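# Structure at a glance
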Amino acid sequence: MFGFVAATFMRGIPVIQMPTTLLAMVDSSIGGKTAVDTPHGKNLVGAFHQPRHIFMDLAYLRTLPHREYVNGMAEVIKTAAIWDEEDFALLENHAEEILNLSAANKKPESELNLELLLKVVLGSIRVKAHVVTVDEKETGLRGLLNFGHSIGHAIEAILSPELLHGECVAIGMVREAEIARHLGYVNDVVIGRLVRCLQAYGLPVSTEDKKVLQLAPGKHCPVDKLLDIMRVDKKNQGNQKRVVMLAGIGKCHEPKASFIEDSVITKILSPAVRVRGGFSAERSTEEVRLNVPGSKSLSNRALVLAALGKGECRLEGLLHSDDVQVMLDSLQKLVGIKYTWEDNGNTLIVTGGAGRLQVPSSEIYLGNAGTAARFLTTVCCLIRSSNGEVTTVTGNARMKQRPIGPLVDALRSNECNLEYLEGAGCLPLKVQPTGLKGGLIQLSASISSQYVSSILLSAPYAASPVTLELVGDAVVSRPYIDMTIAMMKSFGINVTVDSNNENMYHIPKGIYKNPSTYLVEADASSSTYPLAFAAITGTKVTVTNIGSNSLQGDAEFAVKVLRPMGCIVEQTETQTTVQGPKRLKPIPSIDMETMTDAFLTASVLAAVATNGETGPEGNLTRIHGISNQRVKECNRIAAMVEQLAKFGVHASELADGIQISGVDGDPKEVLSSPKGGVFCYDDHRVAMSFSILAAARGAGQESIILEKKCVEKTWPAWWDALENLLGVTVTGVDLHDDGSNSAGYKGDQKKVVKEVSAIAQSAAKPDFDDTTVVIIGMRGAGKSHMGKSAAKALHRTFVDMDDYFALRIGIPIAQYVKENSWEAFRKIEAAQLQEILAEHPTGYVVSCGGGCIETAEGRATLKNWHQTGRVIHLTRDIEAIVHYLTADKTRPALGEDPKSIWNRRKAYYKECSNSEFTIVADGSNASWKAVERDFAKYMKFMLSTQGTFQVTGSLSFFLCLTFPDIHDAIKVLETASEGADAFELRVDLLKEWTDEFIGTQISLIRRHSSLPIIFTVRTKSQGGRFADDDLVGMFNLLKLGLKHQCEFVDVEVLDSKSEEFLELYKSLAKNKGRSHFLASFHDFSGTAIWDQVGYGSGLSGSSDSSPVMMRDKYVELHQFGDSVKLIGKANTLDDNFSVYRFVHQIVPSLGLQPSKPIIAMNMTTVGQVSRALNDYMTPVTHPALPVAAAPGQLSIKQIHETRTLLGLIPAKKFYLFGYPIAQSMSPTLHNAGFQTLGLPHKYSISENPNWSHVKAMLDEGMKNGSFGGASVTIPHKEEIIKHNLVHSLTEAAKKIGAVNTIMVDKEGKLVGDNTDWLGIRASILKRVSVEGYDLVGGVIGAGGTSRAACFALKNLGVTDLRIWNRTESKAASLAEEFGGKVVTGGFENMFDKEPIATATKPKLFLLVSSVPGASQNDLAIDDMFTNANAGAPAGSMGVFVEMAYRPRQTVIIEHLGSIERTNISWSYVEGVEILIEQGLEQFTRWTGRRAPRKVIEDAVYTNYK
């Protein structure tokens, strides 16, 4: 600013610069640029005016805040990157020393290397001084100083002031370097070095960087907006932008900025890509030859070996990727290695530490790098130190789910001290520097071979030689173990395999001797993608740097997979060539255990492979030996099944693999467009595999691949290679998360494309198994009704076999039977069912005639189908069926009594189905609507691909229902289930055990509650009423529970060694589906012993009764359940603490994997303490129930009160922040919930208009530990974000731009959330299902609440969103952000006046008003509703949501009662209901408990004024 004043005042006066920040010293003070920013961009008004003198004193830098110091380092790194590789290497290798010179480091100057700082600062100054001397007015050379600025300035315009200039330029440098890579000017080495250097100084390298998300929550950088900003930048011209192109570290492509097309910039900046199909062999007459990047597996191993080794090692061919970068950074912290680059960055020179290790000064953060996590865990155990410091190893959210338990168990057995900081079996870990003892180490290698390699690599540095024995199930991925051993030999350590045991390895003590040069061979897994491209497109590709002499198992992919599929394969020791056929052939069965990572590539090839057969069994490829792929970056097997379905390819999981049914027709014609895009689960191999399948689609057909940057894990330049080398058209797509796991489009509304709107709707919904569902049952049971309803809910096609028959034969069934016979009809019916299932194996719901099971052919078809698909037996009370059939004259007469038919067919229905649903309806429309809702929920649970059902939360309960008939419990279900997480249906206590009666009981529970069901049959010896000697009868009932899709099934395990039990259990488990098996044992004898040392229940039991060791019972039950339930008897208070020790000490010491939840308690009154101490699924009773299910059972309220007395639930304070709020109902709402559930918390009003008051309350509450959470209302909703009062924001809060809920996460950090939108969404869904309608959304107003309304409507699937506001400009801003349109010309124009001629479905109008009640009087309400009615097809519906809750009946609600309802049936939601709904969401987030809805509603409405 002062330079600008000096340049303009009196046409220029002398100016002296005295910069006091690093940024000013190396940038703004030199060169004479003076300017001011405008709303359109940075430095747009200014002049060149050189300073007379510049005085700098580096001592000022010691006074800078650390972030400001780092901010200036971005410019220092920039000048080195464009000009001087030597300076860049200096910055790379001395980051910690240079950072120590900031004010954050309190060391005396005598211990600091000030000469180092002077060198890098002077180096940067000299570069700029030279450049501006040669080119003062920026006509060419000076443009190089804008490296990172073209894009960085655009980012800064959006993210400032939250992000500093240098931080934005750092991101810009990476993006501009990626453009240079795409254009072929630089390679991955340059990108990798640049990213590593920036990250070493704590600078962000992406707008998705953790630091950016924390500093600028709620802000996004849409590509269109970035380009718009760049367009007005003085350095750019229209659709071409001037961007500095690197040619390497320390040099540029040309001595000025280059002109780059917008399309190229869009491609690089976009988070997703669109891959265009239509590639044909004619497009490429010549062979494509290419190199693939270095092996990730070998690169990671080589880095560990070189870092631990002695001497200097030149690593050639190293992979430059995210994973390897993480490993290198971590080894710098642990070993303090020094490294330099040569050969234009293609060779890394590492000087090893010869085994010297140190506790790092900060945590080891590994992102999603699984290899680094496993290898470095053991390296951390090698550290020996006695100064009390520890090493923390952590990663991102997915990394915290990936298993590491077997490795930790093995290291613990060797006296290493490792502690899980969150969930057991996963990162993060705290590692004590105790050193590795050595000797015999036993390890389970059935999950990952990386556990084995981890110990092998570190074993030479143990205190004594190591013998590593692999125990347990079969070892997976043994070639990777062999690879590790071979590499260790190259570094001087010879591992020997025991002569008598191939699973035992002997590793001597020693120090690795670094070879002078080590060549990292190419990544064999990555080579499969270009070779697969040749296979799928019929072209010829040669990978020039992978062949038969590779150490990697995946190098056999071409020979063992592609050749059997019909490809011509030529492989030498060093290269592989593949010529694709006209059409690939399926492989009936292949074991890929030696090349597991390549199964994804094989799967997409199998998707288009055919042998000419049709139907679900035709064209099958079965891949085995890949079970370890379920615990990689994601569950890769499930991911392939789910994403292949989007292309119309049917696949299903096998126990150790996957089977894929290739499409029958030409892939260019039959492969579907992946609705919602391909979701990659942040997995590089998923993204690259599906890009190959996308290339096989027809000309002009496009497929969106989301999360494009995940390929940087192994092949950062993959998208460049796909386009530039393989010839596939790839363009950028700008999508980003909208806060509800659905992607939305940002930018010009006119550019919204169909794929994006599809993504916005589909990604919010869970994925389902798309296999066609068949419904069978008696005529009149409701098959057609429910089939249509399910098809609508699941977006499938419905086929009624009766209608299909009439359509194909040309006459109704009744006429055909009359003219022929029932036998002739049944024969055609069976053939047509086979025909339908063969032609439509996926995407359909098929309703069969009642007699389809009468023929052997029909039964065979159904039984065959339910081996891999679902056949649902729909049942209904036989009397209701008789009543219906008496009135139905459209079908031919049955010829006999319906009850007789039912009795004859019942067994057939049972054997032909694997699922069952019982309809409970009284014939009214309301009851059938309820059945539709229940059936849709049933179907979605059954078909979901989310895996075994599980209850989440740190504390959970289930309510035991002891009624002989659930009809008697309906009136108390809601009250009795307050705070519960599930119901237990005690089948053994029911008055009848018939299938029909039990099915009715299950349906009744589902009708009146959304809670999951635990299906329990308790035998007499276990405290129930079912016969002990009828094991077959008990398992038949359990099978019924599975057929009804009960979320939990309790499996009693009394004698697990009996052949009868094992056979029955095996049969039960075959149809398990998503149901959760709860393996249970109850000791009613009182002899069970919990403690190994003998302290436990019933030690005074009778001498003739052998005591039961609960430890042994746990081991026995572990193999049969997804969770384990052990119940004993307490005689003394100490028995309860025995249970506690059992759960928290004995069970973890057993080391059984996987870790499973456990219910462990004692019965009797004395044992009630153990119920309070149990965390998972504690069985509870309630005063409203007639009797408790077991002795000593407590209510949830009693358990909470007991836990409070024991100090397990600390009392917390909750607040409402806002002004004015004296009349708020929130204290009534939340305190009613706390009191009902026995929680010790208190909610109160904290009324103050100043945000500083909120900050003070938060600071104090967090400091003393009393703060539990808060509601936020005006004027603080946006202030919370603006002033960074919370540590992080949920995606919903970011998108809405307002916080109404503050929570404390498990790490003790404040999180800002928004539940307003959930209240809107829930209130709408209580009134109507959105399926089957054309959705029209309307929002009245444009304030903060309107943003939540837009977010909610978008989440519900609204694409036609209209926004009205008195100030149209505000509505326009909202419309642009959420993809809506502004209503102009008056409020009455909210909805169309004229009906749409092409409308095929009724409309559902969802209208939300955020206008205060007092401001509604002048609105043209009647006209608006009249117009909506006139433009709506018959059968349309509408829901009006009123956000204002005073007065209760607003003007708009009153008008709803008087409008004409010819075409639209309107319902409304009062504002107080929204208050309650969002409050219920808050309550659950704060407490982890389901809020007691009825009590809260009663309290609010009773006190509402």
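Residues numbered from 1 in each chain as written. Predicted model: local features only at pLDDT ≥ 70, side-chain atom pairs only at ≥ 80, totals over all residues. Heavy atoms only, no water.

Before going further, it helps to examine the overall build of the protein. Scanning the protein from terminus to terminus reveals 53 helices and 58 strands. In terms of C-alpha radius of gyration, the protein reaches 34 Å, essentially the compact-globule figure of 35 Å for 1505 residues. Seen through its principal axes, the protein has C-alpha atoms that stretch 105 × 90 × 75 Å. Burial analysis of the protein (1505 residues in total) assigns 59% to the buried set. Taking all contacts inside the protein whose residues are at least 6 apart in sequence as the whole, residues at least 24 apart take part in 75%. Summed over all atoms, the accessible surface of the protein reaches about 57,600 Å², with 51% contributed by carbon and sulfur. Distance from the positive charge centre (156 side chains) to the negative charge centre (167 side chains) of the protein: 2 Å. (Helix = DSSP H or I, 4+ residues; strand = E, 2+ residues; numbered from the N terminus. Rg over C-alpha atoms; globule rule 2.2 N^0.38 Å. Buried < 20%, exposed > 50% of the residue type's maximum accessible area, 1.4 Å probe, protein only. Contact = heavy atoms within 4.5 Å. Areas by Shrake-Rupley, 256 points an atom, 1.4 Å probe, with all protein chains shown as cover. Lys, Arg positive; Asp, Glu negative; His and termini not counted. Charge placed at Lys NZ, Arg CZ, Asp CG, Glu CD.)

Moving on: the packing of helix H19 (residues 524-537) against helix H21 (residues 599-606). The packing of two helices is summarised by the inter-axis angle and the distance between the axes. Remark: H19 packs on H21, axes separated minimally by 10 Å, with the N-to-C direction vectors making an angle of 10 degrees. With respect to their mutual orientation, H19 and H21 come out roughly parallel. Touching Thr528, Tyr529, Ala532, Ala535 and Ile536 of H19 are Thr601, Val604 and Leu605, all from H21. Here the residues of the contact of H19 with H21 sort into six nonpolar, two polar and no charged. (Axes fitted to C-alpha atoms, helices over the stretch in contact; angles between N-to-C directions. Parallel < 35°, antiparallel > 145°, perpendicular 65-115°, else oblique. Nonpolar A, V, L, I, M, F, W, Y, C, P; charged D, E, K, R; others polar.)

Take the sheet that holds strand S53 (residues 1334-1340) next. Within a sheet, each strand pairs with its neighbour through backbone hydrogen bonds, oriented either parallel or antiparallel. Strand order in the open sheet formed by six strands is S55-S54-S53-S56-S57-S58, and the pairing between neighbours is parallel. Unpaired on one side and paired on the other, strand S55 (1381-1382) and strand S58 (1464-1469) mark the two borders of the sheet. In terms of strand pairing, S53 meets strand S54 (residues 1360-1364) through five bridges, oriented parallel. Bridge pairing links Gly1338 to Arg1362 in S54. Across the sheet, helix H47 (residues 1316-1325) touches strand S56 (1403-1409), strand S57 (1436-1442) and S58, and the angle it forms with S57 is around 145 degrees. (Pairing = 2+ DSSP bridges.)

What follows is about the packing of aromatic side chains. Applying the stated criterion to the full structure yields 35 aromatic pairs. Centroid distance Phe679 to Tyr681: 4.7 Å. Interplanar angle 70 degrees. Geometry classified as edge-to-face. Assessed through its relative accessible area of 19%, Tyr681 is described here as buried. Taking the ring centre of Tyr908 as reference, the NZ or CZ of Arg859 above it sits at 4.1 Å. For Lys1295, the ring lying beneath its charged end belongs to Phe1378, and the centroid distance is 5.0 Å. (Phe/Tyr/Trp six-rings, centres within 6.5 Å; stacked < 30°, edge-to-face > 60°. Lys NZ or Arg CZ within 6 Å of the ring centre and 35° of its normal.)

Here we come to the side chain of Lys1125. By the element assignment, Lys1125 lies in strand S44 (residues 1123-1129). One buried charge, Lys1125, has no salt-bridge partner; the nearest side chain with opposite charge is Asp1050, at 4.4 Å. (Salt bridge = Lys/Arg side-chain N within 4 Å of Asp/Glu carboxyl O.)

Here we come to the pattern of salt bridges. Inspection of the entire model under this criterion finds 68 salt bridges. Across the pair Arg630 and Glu653 runs a salt bridge whose closest N-O atoms are separated by 2.9 Å. Of this pair, Arg630 sits in the loop between strand S27 (620-624) and helix H22 (636-646) while Glu653 sits in strand S28 (residues 650-654), and the two are 23 residues apart along the sequence. Judged by its relative accessible area of 24%, Arg630 is partly exposed.

A few words on the sheet that holds strand S14 (residues 364-365). As summarised here, the arrangement of the four strands in space is S14-S15-S17-S16, forming an open sheet in which the pairing is mixed. At either margin of the open sheet sits one strand with a lone partner, and together these are S14 and strand S16 (418-420). Here strand S15 (residues 391-394) runs beside strand S17 (residues 429-431); their pairing, made up of three bridges, is antiparallel. If you follow Thr391 over to S17, its bridge partner there is Val431.

As for its placement among the helices and strands, Thr855 is situated in the loop between strand S36 (844-847) and helix H31 (856-865). For Thr855, the side chain forms a polar contact with the main-chain nitrogen of Gly858, separated by 3.0 Å. (Polar contact = N/O pair within 3.5 Å; in protein donor to acceptor, adjacent residues only side chain to side chain.)

Among the seven residues that make up S56, seven are buried, leaving the element largely enclosed by the rest of the structure. Going residue by residue along S56, you find Lys1403, Phe1405, Leu1407 and Ser1409 tucked away on one face and Leu1404, Leu1406 and Val1408 tucked away on the opposite face as well. As judged from the seven bridges shared by S53 and S56, these two strands associate in the parallel manner. Across the sheet, the residue bridging to Val1339 is Val1408, located in S56.

For Ser1195, the location among the structural elements is in the loop between strand S46 (1178-1180) and helix H42 (1196-1205). Each C-alpha atom of the pair Ser1195 and Gly979 lies 9.9 Å from the other, and the pair is 216 residues apart in sequence. Each residue touching Ser1195, except ones within four places of it in the same chain, is listed here: Val1180, Thr1181, His1182 and Pro1183.

What follows covers the nonpolar core. Formed by 81 residues in total, the largest nonpolar core has its most connected members in Leu315, Leu456, Leu468 and Ile507. Excluding residues that lie within four positions of it along the chain, Leu456 makes contacts with Leu468, Ile481, Thr484, Ile485, Met488, Val495, Tyr505, Ile507 and Tyr512. Core analysis: the second largest hydrophobic core is formed by 80 residues, Met565, Phe599, Ile637 and Ala695 among them. (Core = buried A, V, L, I, M, F, W, Y, C linked by side-chain atoms within 4.5 Å.)

As a packed pair, H42 and helix H43 (residues 1226-1237) sit with axes 7 Å apart at the nearest point and diverge in direction by 90 degrees. One finds that H42 runs roughly perpendicular with respect to H43. Packed against H42, whose contacting residues are Ile1196, Lys1197 and His1200, the element H43 presents Gln1235, Thr1236 and Leu1237 at the interface. Residues belonging to the contact of H42 with H43 are distributed by class as follows: two nonpolar, three polar and one charged.

Next up on the list: the environment of Gln950. Summarising the element assignment, Gln950 is placed in the loop between helix H34 (925-943) and strand S39 (957-961). Sequence separation between Gln950 and Phe1048 is 98 residues; the distance between their C-alpha atoms is 8.8 Å. Ignoring any residue separated from it by four or fewer positions in sequence, one finds Gln950 in contact with His1076, Pro1157 and Tyr1176. Engagement of the side chain of Gln950 in a polar contact is seen with the side chain of Tyr1176, the distance being 2.6 Å.

Further remarks concern H19. Taking 1.5 Å per residue, 14 residues should reach 20 Å; H19 reaches 20 Å between its end C-alpha atoms and fits that length. Judged by how many residues are buried, H19 sits mostly within the fold: 14 of 14 residues are covered. Downstream of H19 by one or two residues, Gly538 has phi in the positive range, about 75 degrees. (Expected span 1.5 Å × (residues − 1).)

With that out of the way, let us pick up empty space enclosed by the protein. To find the voids left in a structure, one rolls a probe of water-molecule size over its atoms. Inspection of the entire model under this criterion finds eleven cavities of 30 Å³ or more. In terms of lining, the largest cavity is formed by 27 residues, of which the most central are Lys296, Thr371, Gln450, Asp597 and Lys632. The set of elements that each furnish at least two residues to the lining of the largest cavity consists of helix H13 (296-308), helix H15 (370-382), helix H17 (449-458) and helix H24 (684-695). By residue class, the composition of the lining of the largest cavity is three nonpolar, twelve polar and twelve charged. As a volume, the second largest cavity reaches approximately 180 Å³. Lining the second largest cavity are 18 residues, and of these Arg181, Ile268, Lys708, Pro716 and Trp719 lie nearest its centre. Of all the secondary-structure elements, those providing two or more residues to the lining of the second largest cavity are helix H8 (165-182), helix H12 (262-269) and helix H25 (718-724). (1 Å grid on protein atoms, 1.4 Å probe; cavity = no way out; pocket = protein on both sides within 12 Å on 5 of 7 lines; lining within 4 Å. Points joined across faces, edges and corners; volume = space filled by probe spheres on them.)

Confidence along the protein averages 88 in pLDDT terms, with 93% of residues attaining 70 or more. Per-element averaging of pLDDT across the protein places strand S33 (residues 743-745) at the bottom with 25 and strand S41 (residues 1013-1016) at the top with 98. Note that residues 736-766 has pLDDT below 50 and, in this model, 69 contacts with residues that lie over four places away or in other chains. Below a pLDDT of 50 lies the segment residues 1093-1104, which in the model reaches 29 contacts outside its immediate sequence neighbourhood of four places, other chains included. (pLDDT = per-residue confidence, 0-100.)

With that settled, the discussion passes to the state of the cysteines. Tallied over the entire structure, the rule returns zero disulfides. Unpaired in terms of disulfides, Cys960 finds its nearest cysteine sulfur in Cys1046, a separation of 15 Å. (Disulfide = S-S within 2.5 Å.)

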